[in-house]
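Coordinate inspection notes
Given next are the chains, with one letter for each unit.
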Amino acid sequence: MLGLGKKDFSLLMLVLVLTMLAPFILNPFPEGSGMAQFNAGYPDLMQRFVIFGIFAIGFNILFGLTGYLSFGHAAFLGVGSYAAIWMMKLVSLNVIPAMIMGVIFAGLFALVVGFISLRRSGIYFSILTLAFAQMSYALAYSVLTPITGGETGLQLKSTDNPILSNLAEGEIGRASLFGLDMRASIELEMGNWLFTLNMGYYVAAFVMLIAFYIAIRIFRSPFGVMLRAVKSNQNRMNYTGLNPRPYTLAAFVISGMYAGLAGGLMVAMDTQVGPERMFWTASGEVVLMTILGGVGTLIGPVLGAGLIKYMENIISKINSDILHTWFAFLPDGLEDLVVTLIYPFIGKGWHLTLGIVFMLVVIFLPGGLVEGGQRIARLFGKRRKSEDGSSAGKTTPAE
Amino acid sequence: MGILEVKGVNKRFGGLQALGDVNLSVQEQTVHAIIGPNGAGKSTLLNCLVGKLIPDSGSVMFDNQSVLGRKPHEINQMGISRVFQTPEIFTDLTVLENMMIPCFAKRDGAFRLHALESLGHEKGIREMAETMLEEVNMLDKRNAHAGSLSRGDKRRLEMAMCLVQEPRLLLLDEPTAGMARADTNNTIDLLKEIKEKRKITMAIIEHDMHVVFSLAERITVLAQGTPLVEDTPDNIKGHPKVKEAYLGEAAH
Amino acid sequence: MDAIILQILNGLDKGSAYALIALGLTLIFGTLGVVNFAHGALFMIGAFCAVTLQRLLSLSHEVVDETRTDFLGNPLKVEVPYLQDWLGAETAAAVISWSVPLAILFSIPIMIVVGVAMERGLIKHFYKRPHADQILVTFGLAIVLQEVIKYYFGANPIPTPAPEAFTGSFDFGALIGMDPYTIIYPYWRLVYFAFAMIIIAGVFAFLQFTTFGMVVRAGMADRETVGLLGINIDKRFTIMFAIAACVAGLAGVMYAPINAPNYHMGMDFLVLSFVVVVVGGMGSLPGAVAAGFLLGILESFASMAAVIDILPGINQIIIYLVAIIILLTRPRGLMGRKGVMEE
């Protein structure tokens, strides 16, 4: 179906169901309960889940398939964001042209950066991409201030009057999809639970589904095989009459376009952008997401993006008071000890937890969460596997 | 006029004359062996043929077209395939995927953005790949990872990947290097079979005289970067110059 | 003329730091074949060694000073360093003031322990893994180290002054016979430059004149052959890593007075140091040092008002721009060898 194999189609359907029901699934705890702070089903965070999911899916097309480690991918995200916000400022508040502009500009920029950087491989490539991204950041921060708004960045203002909109004098525009406000939400109260169905989230989720679908198609296409061939043996590729360079460049541009799409979506959600979006730590973050989730797998980057954004927004909010209430059942001395031991890893220290988890994954679980899941599944499902026979072993590299 | 004509090729590395005025003519549908002691310039010559090195002077014509200045993939598209000393295959891919890649290269050329086509719908390519695998008795291993194959199987796969492109010239760089006797004999049989069935022109660089005399119809002996003799195997055997080249001063 | 000399001088201290970090990176890469993204963290740890020692030396207790009173007429409580009780006021003040240079001694054992632990505990297991994995795991380690430092020392920069004798500036222009007050240069920066030169000379002398160094150089030229000679290369790797960690650590200790240490200084320097290494040529020690100074000085020239007027923002991007140009025109960097990092 949709040109996908059975297994891929079920994966797509699973992601479809999960994203559509996310406002419910991510809000399992009733309002006002002690666990409510672990609810992730609020629009702002859910939007970030899917947007960074797109970013990581795109990064994975480059790194996962070709093995080229870009340390400057945030630059494309930033370019996409700037292009999108200018589209909104000047032309239309509709998010679709904004996203398209984001994709086009990020793609063009990726074409230039990729054309130059891909003349080198290995660490040289990583450093070149890093250098380009840092340059973009520095320029956006300083010289390009007329275009980028410098340190403060850009946001929609009351003075903006896009040609395809009829704003009242002094009215600040709002991102919309053919008149549907991105910030519109329906709140559902069911017993003690409160669910928020947000327009922006559903638009973003729909875009991510398309992005995910395209990624599956790319993974399963002859082009995808060629990209894996680039990673595996460029020498043989050359002597098979294939030119690895345009294949890698195409992967680079496609993954830059994904980043641009993510950048455009960010603007569609909160109509603002700043240069820090392009800083190299942002590029490092997408590397972390992809590796954590499972590099070279389809669903891994989405999981990794979700995990990191969840940690960033939820774990970082736990403070020592909350810890004390959790461990209040322990004797006082022990309670203090436990809290002291855990405290460095939560709240502002969530980066520490992230770093440790990331290292553990690189050391013990190179396939990331997906490999972890597979190992667990194998542990429990040995009998089932023997029934499938040969087909089970075949698709392991790209699940 | 041979299918491959090498004329007056020179190549220096710093002070070392790796190739000095090499002339070589490989006739269509023959197996031509290039032999010589270590450091005779065999590999340098081969690298000049496939575009990895560019000679300082001279010409290399394949089918009346110069290969000089072309990139390896362009030379391959002209019809020259190469088998390496240690098999070069896509170890992270399955055997079938390995086989499909040259099929795509043959159909689509050096690059094509077939990103939204489905591998499952490439029936023609798949059949082509599977037929070839059948021919080299590897069809049952099509879903195995190429990296997990035995050395002999890797060699066969690499050979099959070259053959499926139906090259007009197959270059073999010590195809039996480091192999046990039994594997060597298998490889000889495989090459003989290819020679008879497919009538492919082959140029083979080899140390092992057993392999050379089982296969070759013409032999060029290289020594210190220059061809000493070119003749049929029978005439090469016992040729004084060849003895000298291999045994050096001891032959005097 | 004076402006040029001033900019060269200004570039020296940053250039020294780049050169020292790049030197360690290159040592590790050349001998162990590992791309160490946690090297900047070692630099940072060194800087925090200086902070720690300064704090340790200044540990105080409260003493009631009977001779003075506060505004309510009660006897004044003053903080007195323990050191003062033991050494007397003057010596204690001098020791505290000299805590940054003293931290050199303090940091060496710490850096050795950290280096050995890192190599034995983690890096060793990544010798055979792809460079991308090495980058990733050391990147993870760098995050962990900087978060640990952030946890204990907070997120704000911690001013760590140089010894009083070296605070302030001197008139370098007058010294070399130019008009007075044209080139004013802080003492400590000159100290830092001299210190860096000593360390660099020390490392080169060590590699040049000791048997150990000879083996290491042979290993950098051809790892496999050295392994075949039956030389216990593992132990030497560990030692090399510890030395590289010390070089980075010492660079950090002495840099503390120039830039107040903060938890992300390691990463800030690492990104640039990698660019330096690549510009110098992966695996070339002289290349790393030369590129370090070159880029440091270039950066300082690019920050001149006259230059910024013509090319706004150039000071922000000059290093990256140079790196891109060099990588594209000289793929192996200024002094790189063939075949390094070109899988």
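Residues numbered from 1 in each chain as written. Chains lettered and ligands numbered in written order. Predicted model: local features only at pLDDT ≥ 70, side-chain atom pairs only at ≥ 80, totals over all residues.

Moving on, we get to unusual backbone geometry. With the exception of glycine, most residues fall at negative phi, and the peptide bonds are largely trans. Despite not being glycine, Thr 271 of chain A shows a phi value in the positive range, around 45°. Along the polypeptide, Thr 271 of chain A turns up in the loop between helix H10 (244-270) and strand S6 (272-273). Overall, Thr 271 of chain A belongs to the buried group, with 25 C-beta atoms counted inside 10 Å. For Asp 63 of chain B, which is not glycine, the phi dihedral falls at a positive 55°. (Helix = DSSP H or I, 4+ residues; strand = E, 2+ residues; numbered from the N terminus. Buried ≥ 20, exposed ≤ 12 C-beta atoms within 10 Å, placed from the backbone.)

Moving on: the interface of chain A and chain B. Contact with chain A, which involves 28 residues of that partner, is made by 32 residues of chain B. Only helix H7 (199-219), helix H8 (222-232), helix H9 (234-238), H10 and helix H18 (391-394) of chain A provide two or more residues apiece to the side of chain A that touches chain B. In terms of residues, the side of chain A that touches chain B owes the most to one element, H8 of chain A, which gives seven residues. In terms of residue class, the side of chain A that touches chain B is built from 10 nonpolar, 12 polar and six charged. (Contact = placed C-beta atoms within 7 Å. Nonpolar A, V, L, I, M, F, W, Y, C, P; charged D, E, K, R; others polar.)

This part covers the confidence of the model for chain B. The predicted coordinates should not be examined in detail at positions where pLDDT is low. Across chain B, the average pLDDT comes to 88, with 98% of residues at 70 or higher. Across chain B, the secondary-structure element scoring lowest on mean pLDDT is helix H9 (residues 240-247) of chain B, at 73, and the one scoring highest is helix H3 (residues 95-108) of chain B, at 94. (pLDDT = per-residue confidence, 0-100.)

This part covers the environment of Leu 45 of chain A. Residues and elements named next belong to chain A. In this structure, Leu 45 sits in helix H2 (residues 43-66). Put simply, Leu 45 and Gly 306 are 261 residues apart on the chain and 9.4 Å apart in space, counted from C-alpha to C-alpha. Not counting residues up to four positions away in its chain, the partners in contact with Leu 45 are Ala 40, Lys 309 and Asn 313.

Residue and element names in this part refer to chain B. Taken in spatial order, the four strands of this open sheet run S2-S1-S4-S5, and their pairing is antiparallel. Every other strand in the sheet has two partners, leaving strand S2 (16-26) and strand S5 (65-66) as the edge strands with one partner each. In terms of strand pairing, strand S1 (residues 4-13) meets S2 through seven bridges, oriented antiparallel. Paired with Arg 12 across the two strands is Gln 17, which belongs to S2. Packing against the sheet, helix H1 (residues 42-49) makes contact with S1, S2 and strand S4 (57-62), and its axis sits at approximately 65° to S2. (Pairing = 2+ DSSP bridges. Axes fitted to C-alpha atoms, helices over the stretch in contact; angles between N-to-C directions.)

This brings us to the sheet that holds strand S8 (residues 201-205) of chain B. All names here are of chain B. Taken together, the six strands give an open sheet; going across it, the order is S6-S7-S8-S3-S9-S10, and neighbouring strands pair in mixed fashion. In this open sheet, the two edge strands, each paired with only one partner strand, are strand S6 (80-83) and strand S10 (226-231). Put simply, the sheet's adjacent strands are angled 20° from each other on average, direction ignored. Pairing between strand S7 (residues 169-173) and S8: five bridges, direction parallel. In the strand pairing of S8, Leu 169 is matched with Thr 201.

As a further point, take the packing of helix H3 (residues 74-90) of chain A against helix H5 (residues 122-141) of chain A. Between two packed helices, both the angle of their axes relative to each other and the distance between the axes serve to describe the pair. All names here are of chain A. The contact between H3 and H5 brings their axes to 8 Å, and the two run at 35°. Of H5, the residues touching H3 (which contributes Ala 74, Ala 75 and Gly 78) are Phe 132, Ala 133, Ser 136 and Ala 140. Looking at side-chain class alone, the contact of H3 with H5 contains five nonpolar, two polar and no charged residues.

All names here are of chain B. Counting buried residues in S8 gives five out of five residues, a clear majority hidden from the surface. Here strand S3 (residues 31-35) runs beside S8; their pairing, made up of four bridges, is parallel. Looking at S8, one finds that Val 31 is bridged to Met 202.

Here we come to the domain arrangement of chain B. Residue and element names in this part refer to chain B. Domain boundaries assigned for chain B yield domain 1 (1-79 + 169-252) and domain 2 (90-166). One C-alpha centre belongs to domain 1, the other to domain 2, and the line joining them spans 27 Å. Across the boundary between the two partners, domain 1 contributes 10 residues, which contact eight residues of domain 2. Of all the elements in the fold, those that place two or more residues in the side of domain 1 that touches domain 2 are helix H2 (72-78) and helix H6 (181-198). Counted by class, the side of domain 1 that touches domain 2 contains four nonpolar, four polar and two charged residues. (Domains from an automatic or database assignment.)

Now for the interface of chain C and chain A. Taken together, the 34 residues of chain C in the interface contact 34 residues of chain A. Those elements giving two or more residues to the side of chain C that touches chain A turn out to be helix H6 (131-153), helix H12 (265-280) and helix H15 (314-329) of chain C. Per-element tally for the side of chain C that touches chain A: the top contributor is H6 of chain C, with 14 residues. When grouped by side-chain class, the residues that make up the side of chain C that touches chain A number 26 nonpolar, four polar and four charged.

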